[in-house]
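Residues per chain, in single letters:
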Amino acid sequence: MAVQETASQLSMALKVQEYPTLKVPYETLNKRFRAAQKNIDREASHVTMVVAELEKTLSSFPAVDSVVSLLDGVVEKLSALKRKAAESIQAEDESAKLCKRRIEHLKEHSGDQPASVNLWKKKRMDRMMVEHLLRCGYYNTAVKLAKQSGIESCLEFSLRIQEFIELIRQNKRMDAVRHARKHFSQAEGGQLDEVRQVMGMLAFPSDTHISPYKDLLDPARWKMLIQQFRYDNYRLHQLGNNSVFTITLQAGLSAIKTPQCYKEDGTSKNPDCPVCSKSLNKLAQPLPMAHCANSRLVCKISGEVMNENNPPMMLPNGYVYGYNSLLSIRQDDKVVCPRTKEVFNFSQAEKVYIM
Amino acid sequence: MEQCLCVERELEKVLHRFVTYGHQSEERLDELLRSVCDIRAQLVAFGVQDADLSVLSQTMAQCCKNIKETVQMLASRHKDIHGSVSKVGKAIDRNFDAEISAVVAETVWDTPERQKYLSETIVEHLYRQGMLSVAEDLCQESGVVIDMSMKQPFLELNRILEALRMQDLRPALEWAVTNRQRLLDLNSSLEFKLHRLYFISLLSGGIGNQMQALQYARHFQPFASQHQRDIQILMGSLVYLRHGIENSPYRSLLETNQWAEICNIFTRDACALLGLSVESPLSVSFASGCMALPVLMNIKQVIEQRQCSGVWTHKDELPIEIDLGKKCWYHSVFACPILRQQTSESNPPMKLICGHVISRDALNKLTNAGKTGSLLRARLSQVEQTRDIPQTFDAEQRIEGETQTRTAPDRSLSEV
């Protein structure tokens, strides 16, 4: 690999690149916590209500039957609370575990096996490409790439739910059913709850006033979803979607870009230089160049660096080559400039000092 | 690493609290359910006898109180976990940088045209990696159209590499034979190496393959002059075929990393033939960005602290040098030793008669400032002690290309 990152450099890159990687699953955890609290509070208040009713009845010499039926009511509400609490905890646990998996994956950047570090680096690039593709709205590509690279994306399911809702809103119910069959058959755990809820929407017209279905169809829910996907799936209809991928790419292109990549006659293009390659050349044009405070000369003939071991020599036509290369192309004490084909005497080459 | 560990610590705490809460709520609720069911059973059993009812009444009243308290407690215990959850968020905020777009010019790629180039680059990269169906999907979703002539080489490259990974040398050999002349022009020994590897794979099949191996050795003939030694070694190994090559002095022939190596050699030669870089330009640029970003973020912070934000205008050059390593020296760069700036078309490198090269701007400064001129002259002459920078210079020549320098123009220095 041309670019060699040390372990500490990888660590530094983590700090600037991985905020979205962790923040997004965290926001899901937060959201699930709030939902769980709401559920528990609600069921708890139901329990309190039936218990209050029982207490009231008891103070007025009731018949056994009515007490028994009230007790049944208490059992029912207690069971509901137990069930709801268990489901909520499971959903919270799931999203906390996703956060943990993300962290564990990030920790793998500092393995001592170069093969595993390389694999991590490759996955890193794939991860950020997936995020970028999601931002652009290229969902199918993103999902497929994620699968092929073995990346776990927490977005896919929520995306599918939202697409389902959109289909209902546009009254494309048959499409919605097909969509559900295709994407929701594998749902389990906390996801199953959400699936049940949105499937109920099929029974109601899209201008329903019945909440929670009304809430789901509310355009404000799109806004909420966009906020939630702030870093992963920020689909703006205007321009401007700076994913970590594009920012990294811009910085990288700038660090490589030199004036030689843009010489008009194209004589200085190097097929190995990324900025000289077709599409990146156009992309890198408006970007700043690399800052070079120290000279480095590379011989056009051999690709070797020109330094005190291979001093730079200037031919009368102004072109500079390494001493070793001139020796190697010398024939009968003459050299032919590879770029202009002019012939000079070997002795005409002058040493230049670039410090 | 420390950043990850920080967040992980808080997460572990949260996970632990969820588990504890889960157990606790289940236990308590089960208890409550049991006692209510108990009471109900008793009630049904005893029928309508007042005395029992009054005892039961007390129990029921107690039970109701219990239920209310427990349920209240469960709701508020869950609320308490919120503190731990938000600590995770705070740990993330503290250890990772939320805003990094300030180090680049944010909107510079925001035109549909540039987005298209970006998608094109990604598609090319995907073809290179052999992820053909993902590339097709992206073409479809982004509307990018890639010429078949551009796709074709990668499709073929990947086909051959796939086969090589399965230790099937035939597609690679076919390709090498078809491109024989061009490979020889490149001084590539790919074809020979492929034959050699095939021969070795026959050898590892044991004594039964002896005839086959001998017959295959005919393929070495065209390479006899260039690879004489190698061929001798290969043929020599036949002696040990009966007793097993792995026990002979030729056991190094059986090393398994040769297969990985042939993939690399093939990739390198094929890319050279096609005029392509061996590595995906997108991979290299991205990796270089991973190194550049932290450096840029640092300098940005320093600039902000010192309140000299005019220093970095995003326009022409990055504010700081980023060391990517020698393998990334794709082009020559000349930086004037005096002004420490890169030279350009408008500020080209100039060679003085003593052989030193400085930028034209530096040269102008030198000739315009008398006193400074002599100090600088002393510095430049450090290698050639006896030569002064002359008062007259040679005539100008037009600059062309990389690392060409002009010889400085005729000028007389009146002050010197």
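Computed from a predicted structure; not experimentally measured.

Turning next to the overall build of chain B. Helix and strand content of chain B: 14 helices and 3 strands. By residue count, 48% of the 416 residues in chain B fall in the buried class. Within chain B, contacts between residues separated by at least 24 positions form 57% of all contacts whose residues are at least 6 apart in sequence.

What follows is about the overall build of chain A. Along the backbone of chain A there are 13 helices and 7 strands. Out of the 355 residues belonging to chain A, those deemed buried represent 52%. Put simply, of all contacts in chain A between residues at least 6 apart along the chain, 56% involve residues at least 24 apart. Surface summary for chain A: the accessible area is close to 16700 Å², and the carbon and sulfur share equals 52%.

Taken together, the 139 residues of chain B in the interface contact 138 residues of chain A. Taking both partners together, chain B and chain A bury about 13100 Å²; carbon and sulfur atoms supply 68% of that area. Its largest share of buried area at the contact with chain A, chain B owes to W109, F286 and H331 of chain B, together 6% of the area lost on that side. Linking chain B with chain A are 9 salt bridges, by the criterion used here. Of the charged contacts, one joins E55 of chain A and K68 of chain B as a salt bridge, the two residues approaching to 2.9 Å between their closest N and O atoms. Seen at the junction of chain B and chain A, the total is 37 residue pairs in polar contact (both at pLDDT 80 or more). Contributions of two or more residues to the side of chain B that touches chain A are made by α1 (2–46), α2 (50–95), α3 (112–128), α4 (132–142) and α12 (281–306) of chain B. No other element matches the 23 residues that α1 of chain B contributes to the side of chain B that touches chain A.

The biggest cluster of nonpolar side chains holds 69 residues, and the ones touching the most others in it are L145, F245 and L253 of chain A together with V103, W109, V123 and L126 of chain B. For this core, the elements supplying multiple residues, two or more each, are α1 (7–17), α4 (114–136), α5 (139–149), α11 (244–256) and α12 (278–284) of chain A together with α3, α4 and α12 of chain B. The dominant element in this core, judged by the number of residues it contributes, is α12 of chain B, at 12 residues. L14, V64 and I103 of chain A together with C4 of chain B belong to the second-largest nonpolar core, a separate cluster that totals 59 residues.

With that settled, the discussion passes to the side chain of D93 of chain A. By the secondary structure assignment, D93 of chain A is in helix α3 (residues 64–107). D93 of chain A has contacts with L15 and F18 of chain B, leaving out every residue within four places of it along the chain.

The next point concerns the domain arrangement of chain A. Taken domain by domain, chain A consists of domain 1 (11–110), domain 2 (153–237), domain 3 (245–285) and domain 4 (294–354). Taking the mean C-alpha position of each, domain 3 of chain A and domain 4 of chain A sit 26 Å from one another.

As a further point, take α12 of chain B. Residue and element names in this part refer to chain B. Taking 1.5 Å per residue as the helical rise, α12 with its 26 residues ought to reach 38 Å, and the 36 Å between its terminal C-alpha atoms agrees with that figure. Along its length, α12 reaches its greatest deviation from straightness, about 30 degrees, at A292, and the proline P294 lies no more than four positions downstream. Of the residues trailing α12, Q307 is marked for its positive phi of about 55 degrees.

The subject of this paragraph is the packing of α4 of chain A against α12 of chain B. Remark: α4 of chain A packs on α12 of chain B, axes separated minimally by 11 Å, with the N-to-C direction vectors making an angle of 95 degrees. By the criterion of interaxial angle, the relationship of α4 of chain A to α12 of chain B is roughly perpendicular. Taking contact as the criterion, the partners of R124, M125, M128 and M129 of chain A in α4 of chain A are, on α12 of chain B, L282, S283, F286 and C290 of chain B. Residue classes in the contact of α4 of chain A with α12 of chain B are distributed as 6 nonpolar, 1 polar and 1 charged.

Below, the discussion takes up the UniProt feature "domain: RING-Gid-type" (unreviewed entry) in chain A. Residues annotated by UniProt as "domain: RING-Gid-type" (unreviewed entry) correspond here to residues 273–340 of chain A. The distance from the first to the last C-alpha atom of residues 273–340 of chain A is 23 Å, and the span holds 21% helix and 19% strand.

On to the packing of α3 of chain B against helix α5 (residues 148–165) of chain B. Residue and element names in this part refer to chain B. At a minimum axis separation of 8 Å, α3 and α5 run at an interaxial angle of 25 degrees. As far as their axial angle goes, α5 and α3 are roughly parallel. Counting all contacts with α3, which are made through E124, Y127 and R128, the residues of α5 involved are M150, K151, F154, L155 and N158. A per-class count over the contact of α3 with α5 returns 4 nonpolar, 1 polar and 3 charged.

Taking 1.5 Å per residue, 23 residues should reach 33 Å; α4 of chain A reaches 33 Å between its end C-alpha atoms and fits that length. Of the residues one or two after α4 of chain A, G137 of chain A is the one with positive phi, at around 95 degrees.

Tallied over the entire structure, the rule returns 8 aromatic pairs over all chains. In textbook terms, an aromatic cluster arises when at least three aromatic residues are bridged by ring pairs, as seen for F192, F199, F220 and F223 of chain B. A cation over an aromatic ring shows up here: K257 of chain A above the ring of Y262 of chain A, its NZ or CZ 5.0 Å from the ring centre. Here R330 of chain A stacks its cationic end above the ring of F346 of chain A, 4.6 Å away from the centre of that ring.

In this section: the sheet that holds strand β3 (residues 312–314) of chain A. Residues and elements named next belong to chain A. Ordered in space as β4-β3-β7, the 3 strands form an open sheet in which the pairing is antiparallel. Bordering the open sheet on either side are β4 (320–322) and β7 (350–351), each of which pairs with just one other strand. Pairing geometry for β3 and β7, over 2 bridges, is antiparallel. Directly across from M314, in β7, lies its bridge partner E350.

Inspection of the secondary structure puts T267 of chain A in the loop between α11 and α12. On a C-alpha basis, the gap between T267 of chain A and R339 of chain A in space is 8.6 Å, while along the polypeptide they are 72 residues apart.

What the rule picks out here adds up to 28 salt bridges over all chains. D72 of chain A serves as the salt-bridge partner of R40 of chain B, at 2.6 Å between the closest nitrogen and oxygen. Of this pair, R40 of chain B sits in helix α1 while D72 of chain A sits in helix α3, each in a different chain. Overall, R40 of chain B belongs to the partly exposed group, its relative accessible area being 28%. In this structure, a network of salt bridges that share partners links the residues K100 and E104 of chain A together with E12 of chain B.

Glancing now at the confidence of the model for chain A. All names here are of chain A. For chain A, per-residue confidence averages 82 on the pLDDT scale, and residues scoring 70 or more make up 86% of the total. Ranking the elements of chain A by mean pLDDT puts helix α10 (residues 219–228) last with 56 and α11 first with 93. Residue range residues 230–240 is modelled with pLDDT below 50. Its contacts to residues more than four positions away, or to other chains, number 25 contacts.

Reading the values: rules and limits
- Residues numbered from 1 in each chain as written.
- Chains lettered and ligands numbered in written order.
- Predicted model: local features only at pLDDT ≥ 70, side-chain atom pairs only at ≥ 80, totals over all residues.
- Heavy atoms only, no water.
- Helix = DSSP H or I, 4+ residues; strand = E, 2+ residues; numbered from the N terminus.
- Buried < 20%, exposed > 50% of the residue type's maximum accessible area, 1.4 Å probe, protein only.
- Contact = heavy atoms within 4.5 Å.
- Areas by Shrake-Rupley, 256 points an atom, 1.4 Å probe, with all protein chains shown as cover.
- Buried area = accessible area lost by both parts, 1.4 Å probe.
- Salt bridge = Lys/Arg side-chain N within 4 Å of Asp/Glu carboxyl O.
- Polar contact = N/O pair within 3.5 Å; in protein donor to acceptor, adjacent residues only side chain to side chain.
- Core = buried A, V, L, I, M, F, W, Y, C linked by side-chain atoms within 4.5 Å.
- Domains from an automatic or database assignment.
- Expected span 1.5 Å × (residues − 1).
- Bend = angle between axes of the 7 residues up to and from the residue.
- Axes fitted to C-alpha atoms, helices over the stretch in contact; angles between N-to-C directions.
- Parallel < 35°, antiparallel > 145°, perpendicular 65-115°, else oblique.
- Nonpolar A, V, L, I, M, F, W, Y, C, P; charged D, E, K, R; others polar.
- UniProt positions renumbered as here; feature names shortened; annotations may be inferred.
- Phe/Tyr/Trp six-rings, centres within 6.5 Å; stacked < 30°, edge-to-face > 60°.
- Lys NZ or Arg CZ within 6 Å of the ring centre and 35° of its normal.
- Pairing = 2+ DSSP bridges.
- pLDDT = per-residue confidence, 0-100.

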